[in-house]
Structures are given as C-alpha cells and as structure tokens.
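Now for the letters of each chain:
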Amino acid sequence: MGRIFDTFSDGNRGRLITIELLDSEAGDQELIKDAPLWAIVYDPLGKGNDLVIETGQNTVSYAHTVDAPTEVWTGQDENGLILALKVLDEKTGQTIVQLQ
C-alpha cells in the first residue's frame, strides 16, 4: 500500500487540501484548511502501522497521523480525479481529506 501513496503524493503534491477529523468521542474538528499537500506516507504493521498526511510548500509544516488505519476510500470526479480520501482507523475516528 505504501507505493500507492508514494505515487499519489507525487501526482498531487501542491494541491490544496483540507483535513477534517470525525470522531464520535472527541467530536468533529477541522484540523487544517487550504494547505498544500506535501505527501501521504504509510508505514505498515510492524513499522509503525500509521498513515501520515503532511502539508507544506518546500518542507513539511504540518502533519496529521492516523494510527492503525483499517480502510481508505476515495471520492472521484467523472474523469477519475481524486477529490477526497476517507481514512478509517481502528478506533471510532475517520479522517477526511478534501482536495481542491
């Protein structure tokens, strides 16, 4: 799965993103808005078991970590351009990444 995110990051670096956390326990939160995507990095089980969404221009200025991701869904337009990612975690949270 790591290569998928490497390819995605390379093809979408610089696109503006908004990250929202939907959590039934802590409540919904908008974590960052209109920030340029730097990379999405996945470390598999045994190497961290997390997904890190990084933003920034020339260096990483913000990072959101999803611990123990279980599923990743995409929302696409009619041409196949990914407009959103939904990452489910092992607990009750969902991270939504909207791409512009």
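Residues numbered from 1 in each chain as written. Predicted model: local features only at pLDDT ≥ 70, side-chain atom pairs only at ≥ 80, totals over all residues. Heavy atoms only, no water.

**Quick word on unusual backbone geometry**
- Despite not being glycine, Asp34 shows a phi value in the positive range, around 55°.
- Relative to the helices and strands, Asp34 is located in strand E2 (residues 29-43).
- Here Ala68, not a glycine, exhibits a phi torsion of approximately 50°, which is positive.
- Mapped onto the fold, Ala68 is located in the loop between strand E4 (62-67) and strand E5 (69-76).
- Take Ala68: its relative accessible area is 10%, and that puts it in the buried class. (Helix = DSSP H or I, 4+ residues; strand = E, 2+ residues; numbered from the N terminus. Buried < 20%, exposed > 50% of the residue type's maximum accessible area, 1.4 Å probe, protein only.)

**Comments concerning the nonpolar core**
- In terms of nonpolar packing, the biggest core is built from 17 residues, with Phe8, Ile17, Ile40, Leu51, Ile53 and Val97 touching the most fellow members.
- Contributing elements (two or more residues each) for this core: helix H1 (2-12), strand E1 (16-23), E2, strand E3 (50-55), strand E6 (82-89) and strand E7 (93-99).
- Looking at which element gives the most residues to this core, the answer is E2, with 5 residues.
- If near-sequence neighbours (up to four positions away) are discounted, Phe8 is found in contact with Leu37, Ile40, Ile82, Leu85 and Leu99. (Core = buried A, V, L, I, M, F, W, Y, C linked by side-chain atoms within 4.5 Å. Contact = heavy atoms within 4.5 Å.)

**Thoughts on the side chain of Thr18**
- Tracing the backbone shows Thr18 in strand E1.
- Once residues lying within four places of it in the same chain are set aside, the contact partners of Thr18 are Glu30, Ile32, Lys33, Asp34, Ile96, Val97 and Gln98.

**Brief notes about the pairing of E7**
- A large share of E7 lies buried, amounting to 5 of its 7 residues.
- Relative to E7, E1 is paired through 7 bridges, and the arrangement is antiparallel. Considered in E7, the bridge of Ile17 is made with Leu99.
- Of the pairings in the sheet, the one linking E6 to E7 comprises 5 bridges and is antiparallel in character. Counted as the bridge partner of Lys86 is Ile96 from E7.
- Linkage of E6 to E7, two consecutive antiparallel strands, is achieved through a turn of 3 residues. (Pairing = 2+ DSSP bridges.)

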